[in-house]
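Each chain, written out:
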Amino acid sequence: MIRRFLPDGMLLAAALIFPYSVARIFLDTPIERTMGTAFKIFFFHVPMGWLTMLMAVICGVAAAIELRRRSTTASAVALAAAEIGFVCGLGVLLTGPIWGNATWGKPWTGDARQMSTALLWLVIAAYLLIRHYGPSGSRRLAAGLAIFGAVDVPIIYYAVKLWKTTHPTTEVVGSLPPALWAAFWPGLGAILLCTFGLMGLRIRQLVLAEQLDEAWVRVTDREATDGTDLS
Amino acid sequence: MEPIFPDPTPEPEAAAEPGSEAPAQAAEVAKTEVADEANSVPDEYAPVAGRSLKEVEQVRMLESVAAQKVARDYQHIIWAYGILWALFAGYGIFLWRRSARLRADMDALRRELDGPA
């Protein structure tokens, strides 16, 4: 029962927290001295970046389980995570250059963090294309791509530590002053609830679609054996 | 040969004789230096050299325009937040359409199974 209504509950909670987080960000948070109003992009850009990486890891792990056990649920989880990762990744890759244009004067500097994130997004896009349009035997290739995407995640995380980048380091969130910190968590919570709610709905749809396909196959088989047309 | 540049260090004055006014004068000079240091203008308010008052005012005006522009940079914010919410709304519509298609498929299957009865 709880499992059935969990995604809807998460989406409802997200719908309640979103207006609060936006009000906090725009009405209660002070304007950052050097970056000005453009800094407010941070409050959703960073959670979207974290979610892209998290979804890539979930997709990679689920794809590995799918490869090993041929599990329908794992396959659905991998596809749903990839779709959410695609949406969040696109959000990061579009809001990042907007913020960069406002603060660096250049939307794209081509540093390691940007390039590795773009690579992850392309891998996710390739995975989705193979899953949606690939031939029946292409699921193994898709799973391999998903695992490759998960391997890219630590590279994205450590890119700002390993190479000289214009992108801020991983310590920014930890060093936020209390006023900005208090506005960051509601936004992160809302976006987490929203994405996991949408992911839950998508998993349910994919499992249902798989069951429907099996039911259609059974009905068609019965028609063929009985020699009767049920329609 | 005479040096081209004279030595900038001043000639040492003749040693003060005991009981003269030299130590008292030195103490007075030191006191004045300390007072000057205390009353001196901080670096950030140091007079601008090599610029006319008009130029300085222009620079300050441009700086204040830039600061206001940074503080009220709503264009970037609107674009960023608009894109984020449009993406989520787009994915929500995609899920809703998939759901409608699944429901139609399920109804068709139900009709198929109920048909001969």
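Residues numbered from 1 in each chain as written. Chains lettered and ligands numbered in written order. Predicted model: local features only at pLDDT ≥ 70, side-chain atom pairs only at ≥ 80, totals over all residues. Heavy atoms only, no water.

Caption draft 1: Representation of the overall build of chain B within the structure. What chain B contains, in helices and strands, is 3 helices and 0 strands. Moving toward the C terminus, one meets the helices and strands of chain B in the order α-α-α. Buried positions account for 13% of the 117 residues belonging to chain B. A total of about 10,400 Å² of accessible surface is found on chain B, and carbon and sulfur atoms cover 60% of it. (Helix = DSSP H or I, 4+ residues; strand = E, 2+ residues; numbered from the N terminus. Buried < 20%, exposed > 50% of the residue type's maximum accessible area, 1.4 Å probe, protein only. Areas by Shrake-Rupley, 256 points an atom, 1.4 Å probe, with all protein chains shown as cover.)

Caption draft 2: The packing of helix α1 (residues 2-28) of chain A against helix α3 (residues 74-114) of chain B, seen in detail. Two numbers describe how α1(A) lies on α3(B): the axes approach to 14 Å, and their chain directions differ by 165°. Classed by the angle they form, the pair α1(A) and α3(B) counts as roughly antiparallel. The handedness of the crossing between α1(A) and α3(B) is right-handed. On α3(B), the residues touching Phe18(A), Val22(A), Ile25(A) and Phe26(A) of α1(A) are Ile77(B), Tyr81(B) and Trp85(B). Considering only residue class, the contact of α1(A) with α3(B) consists of 7 nonpolar, no polar and no charged. (Axes fitted to C-alpha atoms, helices over the stretch in contact; angles between N-to-C directions. Parallel < 35°, antiparallel > 145°, perpendicular 65-115°, else oblique. Left-handed = near helix turned anticlockwise from the far one by under 90°. Contact = heavy atoms within 4.5 Å. Nonpolar A, V, L, I, M, F, W, Y, C, P; charged D, E, K, R; others polar.)

Caption draft 3: Up close: the nonpolar core. Formed by 66 residues in total, the largest nonpolar core has its most connected members in Phe42(A), Phe43(A), Phe44(A), Tyr127(A), Phe184(A) and Met199(A). Broken down by element, this core gets its largest block of residues, 13 residues, from helix α3 (residues 72-103) of chain A. When near neighbours in sequence (up to four residues on either side) are disregarded, Phe44(A) contacts Phe18(A), Ser21(A), Val22(A), Ile25(A), Gly187(A), Ile191(A), Tyr81(B) and Leu84(B). (Core = buried A, V, L, I, M, F, W, Y, C linked by side-chain atoms within 4.5 Å.)

Caption draft 4: Seen up close, the interface of chain B and chain A. Taken together, the contact pairs 28 residues of chain B with 44 residues of chain A. Buried area between chain B and chain A, both sides added, is near 3,100 Å², and the carbon and sulfur share of it is 77%. Connecting chain B to chain A are 0 salt bridges. Across the chain B-chain A interface, the total number found is 4 residue pairs in polar contact (both at pLDDT 80 or more). At the level of secondary structure, the elements contributing two or more residues to the side of chain B that touches chain A comprise α2 (53-71) and α3 of chain B. In terms of residue count, α3(B) provides more of the side of chain B that touches chain A than any other element does, 23 residues in total. Along the lines of polarity and charge, the residues of the side of chain B that touches chain A split into 21 nonpolar, 2 polar and 5 charged. (Buried area = accessible area lost by both parts, 1.4 Å probe. Salt bridge = Lys/Arg side-chain N within 4 Å of Asp/Glu carboxyl O. Polar contact = N/O pair within 3.5 Å; in protein donor to acceptor, adjacent residues only side chain to side chain.)

Caption draft 5: Representation of the packing of aromatic side chains in the model. Residues and elements named next belong to chain A. One pass over the full model with this rule turns up 16 aromatic pairs over all chains. Judged by centre distance (6.2 Å) and plane angle (70°), the rings of Phe42 and Trp99 are edge-to-face. Here Phe42 is found in helix α2 (residues 42-69), whereas its partner Trp99 is found in helix α3, with 57 residues between them in sequence. Assessed through its relative accessible area of 13%, Trp99 is described here as buried. Ring centres of Tyr157 and Tyr158 lie 5.0 Å apart, and the angle between their planes is 90°; on these two criteria the pair is classed as edge-to-face. Here the aromatic residues Phe39, Phe42, Phe43, Trp50, Trp99, Trp181, Phe184 and Trp185 are joined through ring pairs into a cluster of three or more. (Phe/Tyr/Trp six-rings, centres within 6.5 Å; stacked < 30°, edge-to-face > 60°.)

Caption draft 6: Seen up close, the packing of α2(A) against helix α5 (residues 139-162) of chain A. Residue and element names in this part refer to chain A. Relative to each other, α2 and α5 sit at 145°, their axes nearing to 8 Å. At the point where α2 passes α5, the crossing takes the left-handed sense. On the side of α2, the interface is formed by Met53, Ala56, Val57, Cys59, Gly60, Ala63, Ala64, Glu66 and Leu67, while α5 contributes Arg139, Arg140, Ala143, Ala146, Ile147, Gly149, Ala150, Val153, Ile156 and Tyr157.

Caption draft 7: The arrangement of the side chain of Thr29(A) in detail. Residue and element names in this part refer to chain A. In this structure, Thr29 sits in the loop between α1 and α2. At a separation of 2.7 Å, a polar atom in the side chain of Thr29 contacts the main-chain carbonyl oxygen of Arg24. With residues near it in sequence (within four places) discarded, Thr29 still touches Arg24, Lys40, Phe43, Ala179, Leu180 and Ala183.

Caption draft 8: Region of interest: the confidence of the model for chain A. When the pLDDT values of chain A are averaged, the result is 88; 97% of them are 70 or greater. Here α1(A) is the element of chain A with the lowest mean pLDDT, 88, and helix α4 (residues 112-133) of chain A is the one with the highest, 94. (pLDDT = per-residue confidence, 0-100.)

Caption draft 9: Expanded view of the pattern of salt bridges. All names here are of chain A. Summed over all chains, the structure comprises 5 salt bridges over all chains. With a closest N to O distance of 3.2 Å, Arg204 and Asp8 form a salt bridge. Of this pair, Arg204 sits in helix α6 (residues 178-226) while Asp8 sits in helix α1, and the two are 196 residues apart along the sequence. The exposure class of Arg204 is partly exposed, given its relative accessible area of 37%. Classification of Asp8 as partly exposed rests on a relative accessible area of 35%.

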